Amino acid sequence: MQVGSVNSQVVTIALSSICGLLLGLPAVFDAHRPLLTAVVVAMAAVAITRVSLYKTLERFVGSENHPFERLQAVGAITYALLSGMLAALAIAYQIPAAARTSAVVYAVGFSASAAARHAGRPLVAVSQMVLALLPLIIAAALQSDIDDLMLAPAGVLMLCGMYAITHDIYNVLRDSLTVADTSARLAEKMQKLARIDAVTGLLNRTGLNHELVERSMTLQPGRELALIWIDLDHFKEVNDTLGHQWGDRLLCEVGIRLRKSAPPGACVARFGGDEFIIACEANTRAEVTDIAQRLLAEITRPMRRDNQLLEVSGSMGIAVLPEDGEDIDTVMQAADLALYHAKLNGRKQLSFFTPAMTRALKHRKDMEAELRRALRRDELTVHYQPIFDLASGRIRAFEALVRWYHPQRGEITPDEFIPVAEETGAIITLGNWITAQAARVAATWPEDIILAVNLSPLQIRAPGAALGILAALREARLPAHRLELEITERVLMEHGPNTETFMAELHEAGVHFALDDFGTGFSSLGYLANYPFGKIKVDRSFVSGADPKGKRAAIVRAISSMGRALGLEVVAEGLETEQQIAAVREAGCTLGQGWYFSRAVSAEEATRLIAAERGMLTPAQLTA
Ligand code: C2E
Ligand code: MG
Ligand code: MG
């Protein structure tokens, strides 16, 4: 292994040469021997040539196998030979002692310095040492004077010692360079690994960022770089129900499919979790749409798990550089926003970024800030809509429905702000507040009237959710069996491991559950079998069709008879007319709720409704 010399400093050459001249000149002046003079002049000439060569070809210093390096090596060897000859001639001519000593000292010193300086190139070091010392050793060996004669064995021993030193230094240098080389290679490998996702073998977030920056910089004018951001729908469910191992296998399979169906040269990355990003160049939006649709179709193709088929779907957000943003960060944000819209619109679809999305996002952000403020300023109230027994016509329950009266914008409907509260997490604070508030009101009602409260998915997933509800009941002194929680299928579809324990714990404490908006989701009967529901609320979209012989009425009938068979009560939501009431009663619904009976009313009004029905005096009437 060639390690290299420390001969790259022109100053070293210059200093060593000046030293040589200073120690050689006494020999010239004291001995008056032409050969000696010629050697010293040659030394000076070689030194000057080397230094000037160095100055003119400085840029090639260190470049291996370059003629400059070879010339320098020839120069160094010649110089070594000349300094050896200077010492040898000084001994041979028996010039005055002082001058002789100077010449010998220089040769010895030169070869010693070569041992260290060229330790990285042992061949150069040895040749310099030998060339500087061998003439001296030979000349000394030919002398009869014992003082000179002793120089010969001393020179040989010195050569051996210096060779050993060179050898040792060389080994140390080589070992440390090997270590450095291995570390550099290891670092390079680590850097590559740091850009790869361990599960799918695709690029990870770091790798993607790196790639995107490069691609955005080399994008040809007129071409577009499309970012297709994919999020697998309900992946969490797969992970929770089938286990992480299966989750990983699914991600791998998706990765393989994406790689296969992505256009050549596309960059396919796993952005994290169940999100993938494909970046590819295209000429037109139609081309991007084609690519995205192909990818979506690939993901949606069922996967085989042992002998079962697993259905996977994905939502896609697409944004294009430079159309949707001038830099990668902006385009990434745009694609993310487009993905968010795809999910909001019901998933399983692709959505291109539009500037309106940014406006919608701003609207949501404003709404979130206002909602938090509204909570602090008491702008929110809970209203109560009665649920009637369709046979007896008596109030059986009240559903708590939140209301927001904005000082400037007037009433904001829950359909508008509950989704925002869900997305931003504000629903947890809001939900706790609603439950506590409603429980306090319900505690003042007669024992047989139930309080129904709507729950959002996030409220169930929050740690300690069940305990929170039980604490609210305790504080309000409302027995658990008087609370009914309304849960939509969406809650169960997005359920985490907490949902079952949440429902089991509360069910055990006596809390009832109703399946809300039945008929609008998958209407999975599995939910009715697996969860402790006591009630089904048929969505108002089935009730509003007045035709008692129509399909919707048939569905209501089917749900009612299924409810009866399962021992569940069936509530018809959204009853607005007498005909609807007659129809749902005939269909077999046991309970009814709707504007025909009453809209959601304030707590005081709810108390008055109860009092009116039961011929009781309200607290207000009592104090009047
Ligand atoms: P939901 O749980 O299905 O509530 C019933 C909705 O139907 C209420 O709308 C109610 O006012 C409305 N409704 C009742 N009778 C009729 C009728 O005869 N005709 C028509 N057209 N509508 C009727 P609201 O209060 O606007 O609530 C809408 C949704 O917002 C609720 O649907 C529920 O999902 C959510 N929500 C309302 N309050 C809360 C709450 O306190 N917490 C949570 N998590 N969600 C709530
Ligand atoms: Mg409800
Ligand atoms: Mg409902």
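Bear in mind that the values here come from a model prediction, so they are computed numbers and not experimental data.

Thresholds, definitions, all that
- Residues numbered from 1 in each chain as written.
- Chains lettered and ligands numbered in written order.
- Predicted model: local features only at pLDDT ≥ 70, side-chain atom pairs only at ≥ 80, totals over all residues.
- Heavy atoms only, no water.
- pLDDT = per-residue confidence, 0-100.
- Helix = DSSP H or I, 4+ residues; strand = E, 2+ residues; numbered from the N terminus.
- Donors = N, O, S within 2.8 Å, 3.2 Å for Na, K, Ca; no water.
- Buried < 20%, exposed > 50% of the residue type's maximum accessible area, 1.4 Å probe, protein only.
- Expected span 1.5 Å × (residues − 1).
- Core = buried A, V, L, I, M, F, W, Y, C linked by side-chain atoms within 4.5 Å.
- Near = heavy atom within 4 Å.
- Polar contact = N/O pair within 3.5 Å; in protein donor to acceptor, adjacent residues only side chain to side chain.
- Areas by Shrake-Rupley, 256 points an atom, 1.4 Å probe, with all protein chains shown as cover.
- Nonpolar A, V, L, I, M, F, W, Y, C, P; charged D, E, K, R; others polar.
- Domains from an automatic or database assignment.
- Pairing = 2+ DSSP bridges.
- Axes fitted to C-alpha atoms, helices over the stretch in contact; angles between N-to-C directions.
- Contact = heavy atoms within 4.5 Å.
- Phe/Tyr/Trp six-rings, centres within 6.5 Å; stacked < 30°, edge-to-face > 60°.

1. Focus on the confidence of the model for the chain
Phase 1: Confidence in the prediction for the chain averages 88 pLDDT; 95% of positions are at 70 or higher.
Phase 2: No element of the chain has a lower mean pLDDT than helix α25 (residues 619–623), which averages 55, and none a higher one than strand β11 (residues 450–454), which averages 98.

2. Topic: the coordination of the magnesium ion (ligand 2)
Phase 1: Taken together, the protein ligands of the magnesium ion (ligand 2) are Glu399 (OE), Asn454 (OD1), Glu486 (OE) and Asp516 (OD), with distances of 2.0 to 2.2 Å.
Phase 2: When the donors of the magnesium ion (ligand 2) are listed by position in the chain, the intervening gaps give E-x54-N-x31-E-x29-D.
Phase 3: Separating the magnesium ion (ligand 2) and the magnesium ion (ligand 3) is a distance of 3.8 Å, and aspartate 516 donates to both of them. Note that asparagine 454 is positioned in strand β11 and glutamate 486 in strand β12 (residues 483–488), a separation of 32 residues in sequence.
Phase 4: Assessed through its relative accessible area of 28%, asparagine 454 is described here as partly exposed.
Phase 5: Owing to a relative accessible area of 1%, glutamate 486 belongs among the buried residues under this scheme.

3. Focus on the coordination of the magnesium ion (ligand 3)
Phase 1: Note on the magnesium ion (ligand 3): its protein donors are Asp516 (OD), Asp517 (OD), Glu573 (OE) and Glu573 (OE). The metal-donor distances range over 2.0 to 2.7 Å.
Phase 2: Going along the chain, you hit the donors of the magnesium ion (ligand 3) in the pattern D-D-x55-E.
Phase 3: Overall, the relative accessible area of 5% leaves aspartate 516 in the buried class.
Phase 4: By relative accessible area, aspartate 517 is classed as partly exposed at 25%.

4. Some thoughts on helix α10 (residues 244–261)
Phase 1: In a regular helix each residue adds 1.5 Å, so 18 residues correspond to 26 Å; α10 covers 26 Å between its end C-alpha atoms and thus fits that length.
Phase 2: Looking at α10, one finds that the buried residues are Trp246, Gly247, Leu250, Leu251, Val254, Gly255, Arg257, Leu258 and Ser261.

5. Here's the deal with the nonpolar core
Phase 1: If you look at the biggest cluster of nonpolar residues, it comprises 76 residues, and the most contacted ones within it are Tyr384, Phe417, Trp445, Leu451, Leu485 and Phe502.
Phase 2: In this structure, Phe235, Val238, Leu250 and Val320 belong to the second largest nonpolar core, which totals 32 residues.

6. Thoughts on the site of ligand 1
Phase 1: In the neighbourhood of ligand 1, 22 residues make up the surrounding shell, with Asn454, Asp516, Arg540, Glu576 and Trp595 lying closest.
Phase 2: In the model, an oxygen atom of ligand 1 is placed 2.7 Å from a nitrogen or oxygen of the arginine 540 side chain.
Phase 3: A total of 790 Å² of accessible area belongs to ligand 1 in isolation, and the protein chains cover 87% of it.
Phase 4: Breaking the shell around ligand 1 down by element, the ones donating at least two residues are β9 (395–406), α14 (414–424) and β13 (512–518).
Phase 5: When the residues that make up the shell around ligand 1 are grouped by side-chain class, the tally is 7 nonpolar, 6 polar and 9 charged.

7. Some points on the domain arrangement of the chain
Phase 1: Here the domain parsing of the chain yields domain 1 (6–188), domain 2 (205–353) and domain 3 (368–533 + 594–622).
Phase 2: For domain 2 and domain 3, the distance between their C-alpha centres works out to 38 Å.

8. What about the sheet that holds strand β3 (residues 275–282)?
Phase 1: Across the sheet, 5 strands lie side by side as β2-β3-β1-β6-β7; this open sheet has mixed pairing. Edge positions in the open sheet fall to β2 (267–272) and β7 (350–352), since each of these has one partner strand only. For this sheet, the mean angle separating the axes of adjacent strands, direction not counted, is 20 degrees.
Phase 2: The pairing of strand β1 (residues 224–232) with strand β6 (residues 314–321) spans 8 bridges and is classified as antiparallel. Counterpart to isoleucine 230 in the pairing with β6 is methionine 316.
Phase 3: In this fold helix α8 (residues 205–217) packs onto β1, β2, β3 and β6, with an angle of close to 140 degrees to the strand it touches most, β2.
Phase 4: Against the sheet, helix α12 (residues 328–344) makes contact with β1, β2, β3, β6 and β7, and its axis sits at roughly 150 degrees relative to β6, the strand it touches most.

9. What to know about unusual backbone geometry
A negative phi angle characterises most non-glycine residues, just as the trans form characterises most peptide bonds.
Phase 1: That bond from leucine 321 to proline 322 is cis: its omega, 5 degrees, falls within 30 degrees of zero.
Phase 2: You can see proline 322 is positioned in the loop between β6 and α12.
Phase 3: For histidine 234, which is not glycine, the phi dihedral falls at a positive 55 degrees.

10. Remarks on helix α3 (residues 67–92)
Phase 1: If you check α3, its first and last C-alpha atoms are 37 Å apart, about what 26 residues at 1.5 Å a residue would give, namely 38 Å.
Phase 2: Positive phi appears at glutamine 94, one or two residues downstream of α3, with a value of about 50 degrees.

11. Some points on the packing of aromatic side chains
Phase 1: Within this structure, the stated rule accounts for 11 aromatic pairs.
Phase 2: Measuring from centroid to centroid gives 5.5 Å for tyrosine 79 and phenylalanine 110, while their planes differ by 50 degrees, and the two rings are tilted. Placement of the pair is tyrosine 79 in helix α3 and phenylalanine 110 in helix α4 (residues 97–117), with a sequence separation of 31 residues.
Phase 3: Overall, phenylalanine 110 belongs to the buried group, its relative accessible area being 4%.

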